[in-house]
Amino acid sequence: MAIKQELEKKDKVTCLHDKHLSLGATMVSFGGFDMPLLYQNGGIAQEHMAVREHVGLFDVSHMGEVTVKGKDAERYVQHIFTNDVAGAPVGKIFYGMMCYEDGGTVDDLLVYKIGEEDFFLVINAANIDKDWAWMQQQAESLQAEAKAAGTALDFDLQNRSDYYGQIAVQGPEAEHVVETVLGIPCAEMAFYTCKTFESNLTPPSTLLTPQEIIISRTGYTGEDGFEIYAAHDYIRDCWDKLIGAGVQACGLGCRDTLRFEVGLPLYGDELSESISPIMAGLGMFVKLDKPAFVGKEALARQKAEGTARRLVGIELMDRAIPRHGYAVLNMSGETIGEVTTGYHTLSTDKSVCMALVDSQYAKLDTPVQIQIRKKVFPGKVVKKQFYNKNYKK
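Criteria and cut-off values
Residues numbered from 1 in each chain as written. Predicted model: local features only at pLDDT ≥ 70, side-chain atom pairs only at ≥ 80, totals over all residues. Heavy atoms only, no water. Phe/Tyr/Trp six-rings, centres within 6.5 Å; stacked < 30°, edge-to-face > 60°. Helix = DSSP H or I, 4+ residues; strand = E, 2+ residues; numbered from the N terminus. Buried < 20%, exposed > 50% of the residue type's maximum accessible area, 1.4 Å probe, protein only. Pairing = 2+ DSSP bridges. Axes fitted to C-alpha atoms, helices over the stretch in contact; angles between N-to-C directions. Contact = heavy atoms within 4.5 Å. Salt bridge = Lys/Arg side-chain N within 4 Å of Asp/Glu carboxyl O.

1. Digging into the packing of aromatic side chains
- Taken as a whole and judged by the stated rule, the model has 11 aromatic pairs.
- Ring plane angle 90 degrees and centroid distance 4.9 Å describe the contact between tyrosine 95 and phenylalanine 285, whose orientation is recorded as edge-to-face. Of this pair, tyrosine 95 sits in strand β5 (residues 93–99) while phenylalanine 285 sits in the loop between α8 (252–261) and α9 (296–305), and the two are 190 residues apart along the sequence.
- Relative to tyrosine 164, the ring of phenylalanine 120 has its centre 5.2 Å away and its plane inclined at 75 degrees; by these criteria the two rings are edge-to-face. A residue pair is termed long-range when its members are at least 10 positions apart, and phenylalanine 120 in strand β7 (residues 118–123) and tyrosine 164 in the loop between β8 (156–159) and β9 (165–170) qualify at 44 residues. Across this residue pair, the class does not change: phenylalanine 120 and tyrosine 164 are buried.

Structure representation (structure tokens):
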């Protein structure tokens with residue numbers, strides 16, 4: 001117990017940590033942060049359905065934020081990012097990955113184009129230190145290439161993860177709640193866009209100018225939703241207003257069940273250093289027709305030749321629940337893969353999972369089995385999206 005307590009003391013806390021405790025949240029260690037798993041007045045099922053049917057509020061302040069600014073900011077982003085941001089309009093958001101030279105995934109992330117020479121990168125909490133070190137290494141490499149060619153690149157890379165807090169308001173009523181409770185106009189925002197505005201709070205004495213707020217419309221739940229990034233005091237004020245208006249606080253538990261149902265990946269499960277975007281079925285976010293980027297050659301080869309394993313969906317013909325790491329078998333009982341994430345879904349009442357399997361078994365309707373403890377349960381390969389997304393487009 002003493003060891004466990006000592007380990008827990010090392011976890012960081014978000015700017016909303018005391019708010020979670022006051023709501024009776026069950027706290028867990030996630031990505032190096034002490035985060036709410038679920039709340040006393042809800043529970044995963046209630047929180048999940050609040051987002052599917054009404055609206056829910058998430059603390060996602062544990063996520064990392066990196067800014068890239070300068071005349072050559074776009075060139076740097078193009079160098080590290082699999083998607084293509086060239087010439088994009090201000091306010092556009094892109095999903096994609098940063099990859100190693102061998103095609104393995106450093107992280108999946110969102111890239112916001114805040115201004116013509118201003119990009120905002122949102123990375124996973126568990127990967128902040130690793131990503132930041134890799135980004136700095138790539139910046140040095142790119143500058144070295146430019147120097148060898150007799151030039152210098154103009155871009156500034158900053159890790160702003162400690163500055164920004166972030167909340168996500170998700171669900172079919174999210175637009176109405178953001179506009180009426182927070183007073184932020186957002187109805188005109190298209191899917192995967194962002195905008196900035198200034199805080200209406202009195203700036204803390206440590207700030208010389210009003211706080212800049214970023215709001216985006218993406219969502220990691222399959223529902224319409226907004227993300228708000230700002231300094232901690234503004235985020236705390238927004239949280240209090242939303243909770244005061246009766247919005248359901250939601251923890252990491254339902255965040256995972258929601259993203260899983262609509263087939264969205266989680267780094268460490270469906271993407272990793274050994275799972276490339278091509279293996280994960282995310283080739284649409286790898287733009288091989290753009291100039292060179294880190295990992296391009298390996299990913300092009302994988303796309304052309306195929307990969308030994310592929311990520312698939314599997315539906316069981318039983319109510320047993322497949323969990324991460326459980327073995328996937330062929331009908332002869334041979335191991336052909338393993339489960340990455342599995343649940344008995346709350347929205348569709350089915351036992352399903354995502355799994356990485358040998359490519360020869362990745363075709364839809366292929367019969368497979370999953371080893372759950374001492375029993376084997378039959379299933380079949382299906383699409384990875386188990387519930388239809390309801391984004392506003």
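2. Notes on the sheet that holds strand β18 (residues 367–372)
- As summarised here, the arrangement of the six strands in space is β14-β17-β16-β15-β18-β19, forming a closed barrel in which the pairing is antiparallel. Sheet twist, expressed as the average angle between the axes of neighbouring strands with direction ignored, equals 40 degrees.
- In this structure, β18 lies alongside strand β19 (residues 375–382), joined through six bridges in antiparallel fashion. The residue bridging glutamine 371 from the neighbouring strand is valine 376, located in β19.
- On top of the sheet, α8 reaches β16 (335–344) and β17 (351–358); it is set at about 120 degrees to β16, its chief contact.

3. Re the pattern of salt bridges
- Applying the stated rule across the entire model yields 17 salt bridges.
- Across the pair lysine 19 and aspartate 240 runs a salt bridge whose closest N-O atoms are separated by 2.9 Å. Within this pair, whereas lysine 19 is found in helix α2 (residues 17–22), its partner aspartate 240 is found in helix α7 (residues 232–244), the two being separated by 221 residues in sequence.
- Arginine 309 is the salt-bridge partner of aspartate 358, the closest N and O atoms lying 3.3 Å from each other. With a gap of 49 residues between them, aspartate 358 in strand β17 and arginine 309 in strand β14 (residues 309–316) connect regions that are remote in the sequence.
- Connected through salt bridges with shared partners, the residues Glu175, Arg217, Asp224 and Lys392 form a single ionic network.

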